[in-house]
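In case you want the letters, here they are:
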Amino acid sequence: RKEVEQDPGPFNVPEGATVAFNCTYSNSASQSFFWYRQDCRKEPKLLMSVYSSGNEDGRFTAQLNRASQYISLLIRDSKLSDSATYLCVVTTGYNTDKLIFGTGTRLQVFP
Amino acid sequence: SQTIHQWPATLVQPVGSPLSLECTVEGTSNPNLYWYRQAAGRGLQLLFYSVGIGQISSEVPQNLSASRPQDRQFILSSKKLLLSDSGFYLCAWGPSYEQYFGPGTRLTVT
């Protein structure tokens, strides 16, 4: 079983749509969780951290379910510029200096 | 502000040739530094990380090595490249739980 699993997509959605991505992780000792965004042929960039209580940043909402070892990202009112690959990332148990990246979910927003 | 540099941006090398990729960070001291590889259609794989000068941890047995000769310099090397070494190599630095990536080097081994 992969340490971090994501649906690779692609998710093709129209502008203005709401889209949700899910991610599961295998290590119950993981302490920190993140979503990164990676544009085509570019480096990943931190989108947002994921907190146990859930957190929102503008049109983006992240949720964590520790019991189910499940992370989600919700994007509301999708923009063309949201087209990218979204990487689910967790820390490796108690060693919070190392990150494990999922393979990413590709989102394509069309006009 | 902190910036991270990597070069070259792209590289085409024949099998069996040596490799040296350099990464430097500006605007911070004693950063944790990381080398990742992203192969086509695969996720980022952590290759090496370093918490200080001369301190290197290897995550995956492979044909590569890393060195940190200065506080803000991280070098990825190979004596003889394999076809399987092709990929997108990313250097990152991180003060704690967050990592910031350089622009990457796209390596093609032919």
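Below or above, wherever it landed, is the structure these notes cover.

Rules and cut-offs
By convention here, each chain's residues receive numbers from 1 onward along its written sequence. In the order they appear in the text, chains get letters beginning with A and ligands get numbers beginning with 1. Only residues with pLDDT of at least 70 get local features here, since the model is predicted, and only at 80 or more are side-chain atom pairs given and counted; chain-wide, interface and lining totals rely on the full set of residues. Side-chain measures were taken over the full set of non-hydrogen atoms in the model, leaving aside hydrogen atoms and water. Labels follow the DSSP assignment, with helices taken as runs of H or I lasting at least four residues and strands as runs of E lasting at least two, numbered in each case from the N terminus. When two cysteine sulfur atoms are found within 2.5 Å, that pair is recorded as a disulfide. Between buried and exposed lies partly exposed: a residue is buried under 20% and exposed over 50% of the maximum accessible area for its type, with that area taken using a 1.4 Å probe on protein chains only. By definition, residues are in contact when any of their heavy atoms lie within 4.5 Å.

### Notes on unusual backbone geometry
Here the bond from Gly9(A) into Pro10(A) is cis, since omega is 10 degrees, no more than 30 degrees from zero. You can see Pro10(A) is positioned in the loop between β1 (4-6) and β2 (11-14). Looking along the chain, the bond that leaves Trp7(B) and enters Pro8(B) is cis, with omega of 0 degrees. With respect to the helices, strands and loops of the structure, Pro8(B) is situated in the loop between β1 (3-7) and β2 (10-13). Residues other than glycine seldom take positive phi values, yet Arg41(A) does so here, at roughly 65 degrees.

### As for the state of the cysteines
Following the criterion strictly, the structure yields two disulfides over all chains and no others. A disulfide bridge connects Cys23(A) with Cys88(A), and the sulfur atoms are separated by 2.0 Å. With the S-S dihedral at roughly -75 degrees, the linkage between Cys23(A) and Cys88(A) falls on the left-handed side. Pair noted here: Cys23(A) is in strand β3 (residues 19-25) and Cys88(A) is in strand β9 (residues 84-92), with a separation of 65 residues, a long-range link. Under the relative-accessibility criterion, Cys88(A) is labelled buried at 0%. Two residues, Cys23(B) and Cys91(B), share a disulfide whose sulfurs are 2.0 Å apart. Taking the sign of the S-S torsion, about -70 degrees here, the bridge from Cys23(B) to Cys91(B) comes out left-handed. With Cys23(B) in strand β3 (residues 19-26) and Cys91(B) in strand β9 (residues 87-94), this residue pair connects regions lying 68 residues apart in the sequence. By relative accessible area, Cys91(B) is classed as buried at 0%.

### Describing the environment of Ala17(A)
Residue and element names in this part refer to chain A. Mapped onto the fold, Ala17 is located in the loop between β2 and β3. C-alpha separation for the pair Ala17 and Ser78, spaced 61 residues apart in sequence, amounts to 5.3 Å. Discounting residues that sit within four places of it in the chain, Ala17 has contacts with Ile75, Arg76, Asp77 and Ser78.

The values reported here are purely geometric and, on their own, carry no functional implication.
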